[in-house]
Amino acid sequence: STQSTGETCSLAMLSEVKTFKTMVEGSKFPPYDVVANSGVWKALEVRTNSGGHVMVTAIVDKRQLTEVGLAEVKDLMKEYYQSRESFSLFLKLVGGKEEIFHLAGPLTMVEKLCGLEFQITSGSFFQVNTAAAEVLYNTIRDFASLDKETYLLDVCCGTGTIGLILSHAVKHVYGIELVESAVKDAIENAERNGVSNVTFLAGNAKNMTTKAVKRIPQKSRIVAIVDPPRSGLHSEVIACLRKTEMISELVYVSCDVTRIQNNIIALCGPTSNKFLGDPFKFVKAVSVDMFPHTRKFEVVMHFRRDPPSTETPTSTETPTSTETPTSEEALPSKETPKSAEVVKSSL
């Protein structure tokens, strides 16, 4: 993946790629062969930020590496990638349990996005095009009719970019993410930017969504933003969003709309035993050219549904029964969130 912000960054990336090519060609370890399923050198990740920091991560298959071979690979990378200012070097081992080794330079780099600073590590997800990412997040903000009485549910929040950028416009943000290391980054990003009205929860999206909703007072307004992996949301997460009646708007961000048809059908289909709650209605969609000169793009889709009615219907007919209607059992009140804070204990 690459973090590109202009011609200078592109040239820096090309320089690192050429260095990697020279190193591999002169190495006694062969490049990985996808047909034969053998070899060592698999790929190179290069990230750069607007400040000129370069982060290089070489990816190798460890199945054919001995301990001595691994040490030789590390020494070879240090030799070719001379340590310098604003440069970070990592080695990622795949072909089993993933491991990442920090070989040189700072552990993290910082990128500015929509007025905030975000800490990026070698393994963390971050949009590959900062300028287009700002367009993407502004589009999400424009879709999501936010105000200071709204609670924001940020599902698949990653390192917290969307929730943190929109936090100033809402009462409280609940970010939900499966990868614990990403949640740790999100917490640090919140602290770095002085954002206190956020809570990040690490775990399964369905379970953590349910947990977050229980913290929100009844009859509140919730806007959900989902930015799932390419394959979309699990049907259980869709079912959880559908049955949460306080969610009146939903913004869905997808990098591959050809793979999320089932999600859209589940969100907008009629009420059923599997998908309780009123269906959402599609409002509009906008594409963002996140990956120039490729066929890929991001799509932001806006869905809305009417909030549950709180008024008691008035009948003009005279009741035929003398029985007094029995009121429904009152729902237990939900816990009001604590004062705005980043909850580290959620991990």
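Structure's up top.
Residues numbered from 1 in each chain as written. Predicted model: local features only at pLDDT ≥ 70, side-chain atom pairs only at ≥ 80, totals over all residues. Heavy atoms only, no water.

## A few points about the overall build of the protein chain
As a reminder, the rule being used: Comment: elements are numbered from the N terminus, with helices defined as DSSP H or I runs of at least four residues and strands as E runs of at least two. When accessible area is computed with a 1.4 Å probe and restricted to protein chains, residues below 20% of their type maximum are described as buried, those above 50% as exposed, and intermediate ones as partly exposed. Any two residues whose heavy atoms approach within 4.5 Å at even a single point are treated as in contact. Note on areas: Shrake-Rupley, 1.4 Å probe, and residue coverage restricted to the protein chains presented here.
Helix and strand counts for the protein chain stand at 8 helices and 13 strands. For the protein chain, the proportion of its 347 residues judged to be buried stands at 46%. Counting only contacts in the protein chain whose residues sit at least 6 apart along the sequence, the fraction spanning at least 24 positions is 66%. On the protein chain, roughly 18,500 Å² of surface is accessible, and the fraction owed to carbon and sulfur atoms is 52%.

## Thoughts on helix 7 (residues 235-243)
Where helix 7 is concerned, the buried positions are Val-237, Ile-238, Ala-239, Cys-240, Leu-241 and Arg-242. As for helix 7, its buried residues are in contact with strand 7 (150-155), helix 6 (205-214), strand 10 (221-226), strand 11 (247-254) and helix 8 (261-268).

## Details of the side chain of Asp-154
Operational definition: Only four residue types enter the tally: Lys and Arg on the positive side, Asp and Glu on the negative side; His and the chain ends are excluded. For salt bridges, the criterion is a side-chain nitrogen of Lys or Arg within 4 Å of an Asp or Glu carboxyl oxygen. Any pair of nitrogen or oxygen atoms within 3.5 Å is treated as a polar contact; in protein, a donor-acceptor pairing is required on top of that, and neighbouring residues in sequence qualify only through side-chain atoms on both sides.
By the element assignment, Asp-154 lies in strand 7. Although Asp-154 is buried, it forms no salt bridge, and the closest oppositely charged side chain is Arg-141 at an N-O distance of 15 Å. At 3.1 Å, the side chain of Asp-154 and the backbone nitrogen of Gly-163 are in polar contact. Those residues within four positions of Asp-154 in sequence are excluded, and the remaining contacts are Ile-162, Gly-163, Val-173, Tyr-174, Gly-175, Ile-176 and Ile-225.

## Looking at the pattern of salt bridges
What the rule picks out here adds up to 8 salt bridges. Across the pair Glu-72 and Lys-28 runs a salt bridge whose closest N-O atoms are separated by 2.9 Å. Here the residue Glu-72 occupies a position in helix 2 (residues 67-80), and Lys-28 occupies one in the loop between helix 1 (7-26) and strand 1 (41-48), the gap between them amounting to 44 residues. The residue Lys-62 makes a salt bridge to Glu-99 at a minimum N-O spacing of 3.1 Å. With a gap of 37 residues between them, Lys-62 in the loop between strand 2 (54-61) and helix 2 and Glu-99 in strand 4 (residues 99-104) connect regions that are remote in the sequence. On the basis of relative accessible area, Glu-99 is assigned to the partly exposed category, the value being 33%.

## Concerning the environment of Thr-244
Structurally, Thr-244 can be placed in the loop between helix 7 and strand 11. Sequence separation between Thr-244 and Ile-222 is 22 residues, and the spatial gap between their C-alpha atoms is 9.1 Å. What Thr-244 contacts, discounting residues up to four positions off in sequence, is Val-213, Ile-222 and Arg-305.

## Some details on the nonpolar core
Under the convention used in this document: Definition used in this section: a nonpolar core is a set of buried Ala, Val, Leu, Ile, Met, Phe, Trp, Tyr and Cys residues joined via side-chain atoms within 4.5 Å.
Residues Leu-136, Tyr-137, Ile-140, Leu-152, Leu-164, Leu-166 and Phe-200 are the most contacted members of the largest nonpolar core, which totals 39 residues. The set of elements that each furnish at least two residues to this core consists of strand 5 (109-113), strand 6 (116-120), helix 3 (130-143), helix 4 (161-166), helix 5 (180-192), strand 9 (198-202), strand 10 and strand 11. Take this core: its biggest share by element is 6 residues, from helix 3. Other than its neighbours up to four places away in sequence, Leu-152 contacts Leu-146, Gly-163, Leu-166, Val-170, His-172, Val-173, Tyr-174, Val-223 and Ile-225. With 31 residues, the next largest nonpolar core counts Val-155, Ala-205, Met-208 and Val-299 among its residues.

## Quick look at the sheet that holds strand 11
What counts is decided by this rule: By definition, two strands form a pair when at least two bridges between them are found by DSSP. Lines fitted to C-alpha atoms define the axes, with helix axes restricted to the stretch in contact, and inter-axis angles between N-to-C directions lie between 0 and 180 degrees.
Across the sheet, which stays open at both edges, the 7 strands sit in the order 9-8-7-10-11-13-12 with mixed pairing between neighbours. Each of the sheet's edge strands pairs with one partner strand only, and the pair in question is strand 9 and strand 12 (281-288). Taken over all neighbouring pairs, the strand axes of this sheet differ in orientation by 15° on average, direction set aside. In this fold helix 8 packs onto strand 11, strand 12 and strand 13 (298-304), with an angle of close to 10° to the strand it touches most, strand 13.

## Let's talk about helix 5
The test is simple: A helix is expected to reach a length of 1.5 Å times the quantity of its residues less one.
Helix length check: helix 5 (13 residues) gives 18 Å between terminal C-alpha atoms against 18 Å at 1.5 Å per residue, within 8%. Those residues of helix 5 lying buried are Ala-182, Val-183, Asp-185, Ala-186, Ile-187, Asn-189 and Ala-190. Against the buried residues of helix 5 lie strand 6, helix 4, strand 8 (172-177) and strand 9. Positive backbone phi, approximately 65°, marks Gly-194, located one or two places after helix 5.

## Section: the sheet that holds strand 1
Spatially, 4 strands are ordered 1-2-3-4 in an open sheet, and the strand pairing comes out mixed. Two strands close off the open sheet at either side, each with one partner strand: strand 1 and strand 4. Across the sheet, the mean angle separating the axes of adjacent strands is 20° when strand polarity is ignored. Of the strands in this sheet, strand 1, strand 2, strand 3 (87-94) and strand 4 touch helix 2, which is tilted by about 155° from strand 3.

## Quick notes on the state of the cysteines
Heads up, the rule is: Two cysteine sulfurs form what is called a disulfide whenever their separation falls within 2.5 Å.
Using the criterion set out here, one finds 0 disulfides in the structure. Cys-157 takes part in no disulfide bond, and the closest cysteine sulfur, belonging to Cys-156, lies 8.2 Å away. When its relative accessible area of 6% is taken as the criterion, Cys-157 is described as buried.

## Here we look at unusual backbone geometry
Even without being glycine, Cys-114 reaches a positive phi, approximately 55°. Mapped onto the fold, Cys-114 is located in the loop between strand 5 and strand 6. Judged by relative accessible area, Cys-114 falls into the partly exposed class, the value being 26%. Phi is positive for Ser-145, close to 20°, though the residue is something other than glycine. Following the sequence through the fold, Ser-145 ends up in the loop between helix 3 and strand 7.

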